[in-house]
Amino acid sequence: MTYPFDRIVLLHASLSVLCRRWAWGMVGCFFLCSAGYGQDAEQVQGLKLPSLLGPSAGLGRSELRQRWEGHRRQEILQQFEQHVYGKAPHQGFEVTVLNTDWQWVGPYAAKRKTIQAHLAGPMGSLEFKVTLWLPEKSLGPCPVFLGMHLFDSGSLQPVLGQPWKGSSSKGPELASQNPSWLWQQLFVRGFGAATVDADEMDPDQHDGFKNGVHGLFHDANRQTHGDRDWGTLAAWAWGLSRALDVLARDQEVDGERVMVVGHSRMGKAALWAGATDERFAMVFSNNSGCGGAALSRRRHGETVAHINRVFPHWFCSQFHAYGDAEDEIPVDQHQLIALMAPRPVYVASALEDDWADPKGEFLSAYRASEVYSLYDKAGCPGPAQPELNQSVGEGVGYHLRSGRHDLTTFDWMCFLDFAEAQAHRSKRK
Ligand code: GTR
């Protein structure tokens, strides 16, 4: 059972009422338990979820926070490495900036830099480029949104964090159909943008983990890819960290305010990047679904069995053991969201995107808020899903947008508002 401090106070109040007026006290206790994190940490709307903080009876908020920072966070991170995404190499690589080229881009009053970088591992090397856009009028080092994509980053208007050039639908509300709008919004608000091509890091194909960054670490003497070795999502997340290495060396970028963003498969990679690399200041996941923000145990929409069958290279091989056995995964995705704490994280869903399980994405954000409460952050309100097209939450942001599986101008508007609000909050502290 987990009872954060504010809930303990409420519980105490409810119990004193109970002594005086038994019937009303019972009603109070019922609402306390059904409205907040104070319910049994493992029971969420009929689901048995792995606990975030571990057995916590009798422990206060500061003890729980010590436990979280002391070992619980690390334990969960390792379980995700061992059972879901696979372990990426932490050592034995080097990133060198080879060349930086820049030009003014008139219509946006912006500067575009193309930074060519070299990545060397024990078994080989590869080159990748980071395309960085900075507003012309930046007062000092600029906060930057970083996202991967799966097409040419040389494009004048790459769509940040989107896995394909087109969209599942067309319309002015789509960021991909309206890149000028996005670019203007970013620059007017003082944000820069950076992209890196996922294909340059690790092509999205199942080739036995030989191409891309996997190949740089592939030991020719080892015939098989180990069960716990990194899959492609982990390679992309790792690539986002290498892009951050590059950005952090640029004097025009504020290396402490690089925010990672991604839609769909890039949203899964963005979440894992934020979990594994605490240098990312904020994390934005759009319609990331199974293996992203959605709870695996709900088995709603895309399931673990399905995703492993269609994309056998995305996760570590061990994750394949949990197809149709989700309850046996030692972790679930609310714990992934909690790994961002206390850094701000935002989860976005779309009503018609049933495949990504909007409800499961919401429940993750809501449940993860238990860890944010240890840091005095309100988190994402619940347990009822917020109204359509409303952005809610502090520390953990969430919205359910009308429409389909896409990254839209509405999603971006919410992300930018959230990023600005969080920046103001941290200035006030
Ligand atoms: C779907 C896949 C999702 C999501 C999406 C994408 O086919 O089932 O998990 O990642 O693709 O990234 O395009």
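Per-chain numbering applies: the sequence of each chain, read as written, is numbered from 1 onward. The model is predicted, so local features are restricted to residues of pLDDT at least 70 and side-chain atom pairs to those at 80 or more, both for listing and for counting; the totals for chains, interfaces and linings are taken over all residues. Note: side-chain values were computed over all heavy atoms of the structure, leaving out hydrogens and water.

Caption draft 1: Inspection of the environment of Gly255 at higher detail. Only DSSP runs of H or I with at least four residues qualify as helices, and only runs of E with at least two residues qualify as strands; both kinds are numbered from the N terminus onward. Its location among the elements puts Gly255 in strand 8 (residues 253-263). Should any heavy atoms of two residues lie within 4.5 Å, those residues are counted as being in contact. Apart from residues lying up to four places away in sequence, Gly255 is in contact with Leu244, Ala248 and Arg279.

Caption draft 2: Representation of the site of the ligand in the model. Here a residue counts as near a molecule or strand whenever at least one of its heavy atoms sits within 4 Å of it. Neighbouring the ligand are nine residues, the closest being Ser264, Arg265, Lys268, Glu302 and Trp355. In the analysis that follows, any N or O atom pair within 3.5 Å is treated as a polar contact, provided that within protein one partner can donate a hydrogen and the other can accept it, and provided that, for residues neighboring in sequence, both atoms belong to side chains. Side-chain polar atom of Lys268 to an oxygen atom of the ligand: 2.8 Å apart, as the coordinates give it. Each residue is assigned to one of three groups, with Ala, Val, Leu, Ile, Met, Phe, Trp, Tyr, Cys and Pro labelled nonpolar, Asp, Glu, Lys and Arg labelled charged, and all others, Gly among them, labelled polar. Residue composition of the shell around the ligand, grouped by class: five nonpolar, one polar and three charged.

Caption draft 3: Geometry of the side chain of Ser369. Take Ser369: it is sitting in helix 11 (residues 358-373). Throughout this description, buried means an accessible area under 20% of the type-specific maximum (1.4 Å probe, protein chains only), exposed means over 50%, and partly exposed covers the range between. Given the relative accessible area of 0%, Ser369 is considered buried.

Caption draft 4: Examining the pairing of strand 11 (residues 396-401) more closely. With respect to burial, strand 11 is a largely interior element, six of its six residues being buried. Here strand 11 shows no split at all, with Val396, Tyr398 and Leu400 on one side and Gly397, His399 and Arg401 on the other all buried. By convention a crossover is right-handed if, when the strands point away from the viewer, the path from the first strand over the helix to the second runs clockwise. Running through helix 11, the crossover from strand 10 (residues 345-350) to the neighbouring parallel element strand 11 is right-handed.

Caption draft 5: Broad picture of the sheet that holds strand 11. By definition, two strands form a pair when at least two bridges between them are found by DSSP. Spatial ordering of the open sheet is given by 3-4-5-7-6-8-9-10-11, a layout of nine strands whose pairing is mixed. Each edge of the open sheet is held by one strand with a lone partner, namely strand 3 (94-105) and strand 11. Taken over all neighbouring pairs, the strand axes of this sheet differ in orientation by 20° on average, direction set aside. By the bridge criterion, eleven bridges tie strand 3 to strand 4 (residues 110-121) in an arrangement that is antiparallel. Note that in strand 4 the partner of Asn99 across the bridge is Gln116. Set on the sheet, helix 8 (residues 265-276) makes contact with strand 6 (142-149), strand 8, strand 9 (282-286) and strand 10; between it and strand 8 the angle comes to about 140°. Geometry is summarised by axes, namely lines fitted to C-alpha atoms with helices restricted to the contacting stretch, and by angles between N-to-C directions that run from 0 to 180 degrees.

Caption draft 6: Here's a closer look at empty space enclosed by the protein. Detection works on a 1 Å grid of protein atoms alone, calling trapped sets that fit a 1.4 Å probe cavities and calling open sets with protein on both sides within 12 Å along at least five of seven lines pockets, with lining residues defined by an atom within 4 Å of a point. Grid points are joined across faces, edges and corners, and a volume is the space filled by probe spheres set on the points. Scanning the model with the defined rule gives one cavity of 30 Å³ or more in all. Estimated volume of the largest cavity: approximately 60 Å³. Lining the largest cavity are 13 residues, and of these Cys290, Ala294, Leu295, His300 and Glu302 sit closest to its centre. The residue makeup of the lining of the largest cavity, split by class, is six nonpolar, three polar and four charged.

Caption draft 7: Main features of helix 4 (residues 179-188). For helix 4, every residue scored as buried is listed here: Pro179, Leu182, Trp183, Gln185, Leu186 and Phe187. Among the residues trailing helix 4, Gly190 stands out with phi positive, at a value near 85°.

Caption draft 8: Local environment of helix 8. The end-to-end C-alpha separation of helix 8 is 17 Å, in line with the 16 Å expected for twelve residues at 1.5 Å each. Most of helix 8 is tucked away: eleven of the twelve residues are buried. Of the residues making up helix 8, those classed as buried are Arg265, Met266, Gly267, Lys268, Ala269, Ala270, Leu271, Trp272, Ala273, Gly274 and Ala275. Helix span is expected to be 1.5 Å times the residue number reduced by one.

Caption draft 9: Seen up close, the packing of helix 3 (residues 61-85) against helix 8. Between helix 3 and helix 8, the least distance of the axes is 11 Å, while the angle of their chain directions is 140°. As far as their axial angle goes, helix 8 and helix 3 are oblique. The two elements helix 3 and helix 8 cross, and the hand of that crossing is left-handed. Listed contacts from helix 8 to Arg73, Leu77, Phe80, Glu81 and Tyr85 of helix 3 are Trp272, Ala275 and Thr276. The residue inventory of the contact of helix 3 with helix 8, partitioned by class, reads five nonpolar, one polar and two charged. Relative orientations are named as follows: roughly parallel for angles under 35 degrees, roughly antiparallel for angles over 145 degrees, roughly perpendicular for angles from 65 to 115 degrees, and oblique for any other angle. When the near helix sits turned anticlockwise from the far one by under a right angle, the crossing is termed left-handed; a clockwise turn instead gives a right-handed crossing.

Caption draft 10: Fine view of the side chain of Glu81. Within the secondary structure, Glu81 is located in helix 3. Not counting the four nearest positions on each side in its chain, Glu81 is found in contact with Gly86, Lys87, His90, Arg228, Trp272 and Cys316.

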